[in-house]
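What follows is each chain in one-letter form.
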Amino acid sequence: NYSLNLRMFSLGLGSRRAGNDYRNLDDPTASFLGALRVDDYVSVSIAPTGPLMLQFNAGRQQRALAPEERTWGMTGSLQLWNRGQLFLSAQRTDSDLFRDTSVQLSLNIALDRDSINVSARRAETNDVTHDGYSIDARRSRPPGSGWGYAANLSRDDAFDTGYGMVEYQGAYGRVGLE
């Protein structure tokens with residue numbers, strides 16, 4: 001593995017090869033996909049002094065019992081104002097078994113202890129397209145007494161989900177409702 005980090009630019013390169021005797025004991029997927037034999041990656045980050053940051057990555061993995069996977073990706077963030085940031089992420093994975101592409105656009109707004117995130121996404125797996133969007137709202141619980149919450153509403157194609165949580169901490173304990 002090699003890395004170069006400068007003020008506005010960074011580069012990372014890595015490669016790993018493993019023979020048939022190699023076993024990675026903390027890999028839970030090795031029993032059905034096989035042990036990882038080839039793992040290569042490159043990552044480039046560009047962060048000028050302004051509000052823009054870009055990261056590009058590519059990689060290749062080969063497991064003993066699965067075809068080679070190749071990945072490419074890009075992530076960008078743009079500071080729109082002091083408390084607002086826009087994120088764009090795109091990822092592509094190719095193998096002999098599948099092709100997976102995803103793109104997500106998110107707007108994050110921070111308001112003291114509260115935050116709001118609105119996102120839209122599109123994913124395509126083997127020529128089947130799925131669209132989705134979500135909104136998240138959160139308030140962090142203070143370290144002493146006080147309350148916090150988390151809420152999420154999402155739609156992926158025709159499947160709707162929601163989640164909510166409220167929590168209060170007082171002098172004698174903490175109470176939460178999910």
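So, how was this worked out
- Residues numbered from 1 in each chain as written.
- Predicted model: local features only at pLDDT ≥ 70, side-chain atom pairs only at ≥ 80, totals over all residues.
- Heavy atoms only, no water.
- Helix = DSSP H or I, 4+ residues; strand = E, 2+ residues; numbered from the N terminus.
- Rg over C-alpha atoms; globule rule 2.2 N^0.38 Å.
- Areas by Shrake-Rupley, 256 points an atom, 1.4 Å probe, with all protein chains shown as cover.
- Lys, Arg positive; Asp, Glu negative; His and termini not counted.
- Charge placed at Lys NZ, Arg CZ, Asp CG, Glu CD.
- Phe/Tyr/Trp six-rings, centres within 6.5 Å; stacked < 30°, edge-to-face > 60°.
- Buried < 20%, exposed > 50% of the residue type's maximum accessible area, 1.4 Å probe, protein only.
- Lys NZ or Arg CZ within 6 Å of the ring centre and 35° of its normal.
- Pairing = 2+ DSSP bridges.
- Axes fitted to C-alpha atoms, helices over the stretch in contact; angles between N-to-C directions.
- Salt bridge = Lys/Arg side-chain N within 4 Å of Asp/Glu carboxyl O.

### Quick word on the overall build of the protein chain
Argument step 1. On a plain count of helices and strands, the protein chain comes out with one helix and twelve strands.
Argument step 2. In the protein chain, the succession of α and β elements from N to C terminus is β-β-α-β-β-β-β-β-β-β-β-β-β.
Argument step 3. Relative to its length of 178 residues, the protein chain is extended, with a C-alpha radius of gyration of 21 Å against a globular reference of 16 Å.
Argument step 4. Expressed as lengths along the three principal axes of its C-alpha atoms, the size of the protein chain is roughly 60 × 40 × 40 Å.
Argument step 5. Only carbon and sulfur atoms are counted for the fraction: they give 59% of the accessible area of the protein chain, which is about 12000 Å².
Argument step 6. Between the centroid of the 19 positive side chains of the protein chain and the centroid of its 21 negative side chains there is a distance of 6 Å.

### With respect to the packing of aromatic side chains
Argument step 1. Counted under the stated rule, the structure contains one aromatic pair.
Argument step 2. Each ring, one from tryptophan 147 and one from tyrosine 149, has its centre 5.7 Å from the other, and the planes form 25°; the classification is stacked.
Argument step 3. On the basis of relative accessibility, which here comes to 40%, the residue tryptophan 147 falls in the partly exposed class.
Argument step 4. The ring of tryptophan 147 carries the charged tip of arginine 139 above its face, separated from the ring centre by 5.1 Å.

### So, the sheet that holds strand β12 (residues 173-177)
Argument step 1. Spatially, β1-β2-β3-β4-β5-β6-β7-β8-β9-β10-β11-β12 is the arrangement adopted by the twelve strands of the open sheet, whose pairing is antiparallel. A strand with exactly one partner marks an edge of an open sheet, and here the two such strands are β1 (2-5) and β12. Direction aside, the axes of adjacent strands within the sheet are offset by 10° on average.
Argument step 2. In the sheet, β1 pairs with strand β2 (residues 9-17) via four bridges, with the strands oriented antiparallel. Bridge assignment links leucine 4 to a residue of β2, and that residue is leucine 11.

### A few points about the pairing of strand β4 (residues 52-63)
Argument step 1. Pairing of strand β3 (residues 36-46) with β4 involves ten bridges; the strand directions are antiparallel. Within β4, the position partnered with isoleucine 46 by the bridge is leucine 54.
Argument step 2. The hairpin turn running from β3 into β4, its antiparallel successor, is five residues long.
Argument step 3. Relative to strand β5 (residues 69-81), β4 is paired through ten bridges, and the arrangement is antiparallel. The residue of β5 that forms the bridge with phenylalanine 56 is methionine 74.
Argument step 4. Counting the residues that bridge the hairpin from β4 to β5 gives five residues.

### Some remarks on the environment of glycine 144
Argument step 1. Within the element layout of this structure, glycine 144 appears in the loop between β9 (128-139) and β10 (146-156).
Argument step 2. With 88 residues separating them in the primary sequence, glycine 144 and phenylalanine 56 have C-alpha atoms 41 Å apart.

### A few points about the pattern of salt bridges
Opposite charge on two side chains makes pairing possible when the charged atoms of those side chains draw close.
Argument step 1. Scanning all chains against the criterion turns up 14 salt bridges.
Argument step 2. Close ionic contact of arginine 99 with aspartate 127 constitutes a salt bridge, the shortest N to O distance being 2.6 Å. Of this pair, arginine 99 sits in strand β7 (residues 99-111) while aspartate 127 sits in the loop between β8 (114-125) and β9; the two residues are 28 residues apart in sequence, bridging distant segments of the chain.
Argument step 3. Take arginine 99: its relative accessible area is 27%, and that puts it in the partly exposed class.
Argument step 4. Given a relative accessible area of 57%, aspartate 127 falls into the exposed group.
Argument step 5. Here aspartate 156 ties to arginine 121 by a salt bridge, and the two come within 3.2 Å at their closest N and O atoms. Here the residue aspartate 156 occupies a position in strand β10, and arginine 121 occupies one in strand β8, the gap between them amounting to 35 residues.
Argument step 6. Residue classification places arginine 121 among the partly exposed residues on the basis of a relative accessible area of 22%.
Argument step 7. Each of Arg17, Asp40, Arg60, Glu68 and Arg70 takes part in a single network of salt bridges with overlapping partners.

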